[in-house]
Amino acid sequence: MKIKFFKRFFLRPMHIFFDAYREWDFSRAVMMMLLLISSITTIQAQMADQRAEYMQNGTQNNYMSADQSYYKATSSTGNDPYGYGYWVTAPPLETLSHAYQSTRNSVYKDRMKSILAGIRKYNLYGAGTYRNDYYDDMEWLCLATLSCYKATRDTEFLDAARTIWADIKTGY
């Protein structure tokens, strides 16, 4: 596989490049080489995007709760929504914000909003709030909601970050 890729995307274009250099002027040869480099970079980026999409969908399909509001600790179906863990929601939430920022796919924004609603719904420390007894957990979530806001410019995420930050400031 790697040899075919190398021959197809490197050796063959290099041959074309050198033919261009021999037959055309130097500027055409340079343009041809820049086009080649640009094409390879685009192909690699597409492959990375496909892998990222595959990972996002796998995580969603295997670990998302039935009501789409929190990630389960395991892929089994019998997880308790109140034992989901407050702080472990922040990293996937931030990952979704990066996915949205890269793709602008509204599916990711919908997932972020659903998770934020799930935090309020299943929060053992204060139903309907983001409050928590552990300030470091709230700080992780605050950073994640800021990342969501930066990606989407949706004020729901900024309001959540401000609410969490206000509660954090009451600590000592």
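Novice: Break down helix α3 (residues 90-103) for me, citing the residues and quoting the values.
Specialist: Taking 1.5 Å of rise per residue, 14 residues should cover 20 Å, and α3 covers 20 Å from first to last C-alpha, within 8% of that figure. For α3, the set of buried residues is Ala-90, Leu-93, Leu-96, Ser-97, Ala-99 and Tyr-100. At the exit of α3 stands Arg-104, carrying a positive phi of roughly 60 degrees.

Novice: Quick rundown of a nonpolar patch on the surface? Include the residues and the values.
Specialist: A cluster of nonpolar side chains, namely Tyr-82, Leu-124, Tyr-125 and Tyr-134, defines an oily patch on the protein surface of about 430 Å² accessible area. In this fold, Tyr-134 is placed in the loop between α4 (106-122) and α5 (135-152).

Novice: Before we move on, could you go through the packing of α4 against α5 and cite the residues and values that matter?
Specialist: For the pair α4 and α5, the least separation of the axes is 11 Å and the interaxial angle reads 150 degrees. Judged on the interaxial angle alone, α5 and α4 are roughly antiparallel. Along this stretch, α4 crosses α5, giving a crossing that reads as left-handed. Together, Lys-109, Met-112, Leu-116 and Ile-119 of α4 and Leu-141, Thr-145, Cys-148 and Thr-152 of α5 make up the contact between the two elements. Residues of the contact of α4 with α5, tallied by class, amount to five nonpolar, two polar and one charged.

Novice: So, the nonpolar core: which residues are in play, and what are the values?
Specialist: With 27 residues, the main nonpolar core has Leu-93, Tyr-130 and Leu-141 as its most contacted residues. Looking at this core element by element, the count peaks at seven residues for α5. Setting aside residues no more than four positions away along its own chain, Leu-141 makes contact with Tyr-86, Ala-90, Leu-93, Ile-119, Tyr-130 and Ile-164.

What counts and what doesn't
Residues numbered from 1 in each chain as written. Predicted model: local features only at pLDDT ≥ 70, side-chain atom pairs only at ≥ 80, totals over all residues. Heavy atoms only, no water. Helix = DSSP H or I, 4+ residues; strand = E, 2+ residues; numbered from the N terminus. Expected span 1.5 Å × (residues − 1). Buried < 20%, exposed > 50% of the residue type's maximum accessible area, 1.4 Å probe, protein only. Patch = residues over 30% accessible without salt bridge, like charges linked within 9 Å, V, L, I, M, F, W, Y side chains within 5 Å. Areas by Shrake-Rupley, 256 points an atom, 1.4 Å probe, with all protein chains shown as cover. Salt bridge = Lys/Arg side-chain N within 4 Å of Asp/Glu carboxyl O. Axes fitted to C-alpha atoms, helices over the stretch in contact; angles between N-to-C directions. Parallel < 35°, antiparallel > 145°, perpendicular 65-115°, else oblique. Left-handed = near helix turned anticlockwise from the far one by under 90°. Contact = heavy atoms within 4.5 Å. Nonpolar A, V, L, I, M, F, W, Y, C, P; charged D, E, K, R; others polar. Core = buried A, V, L, I, M, F, W, Y, C linked by side-chain atoms within 4.5 Å.

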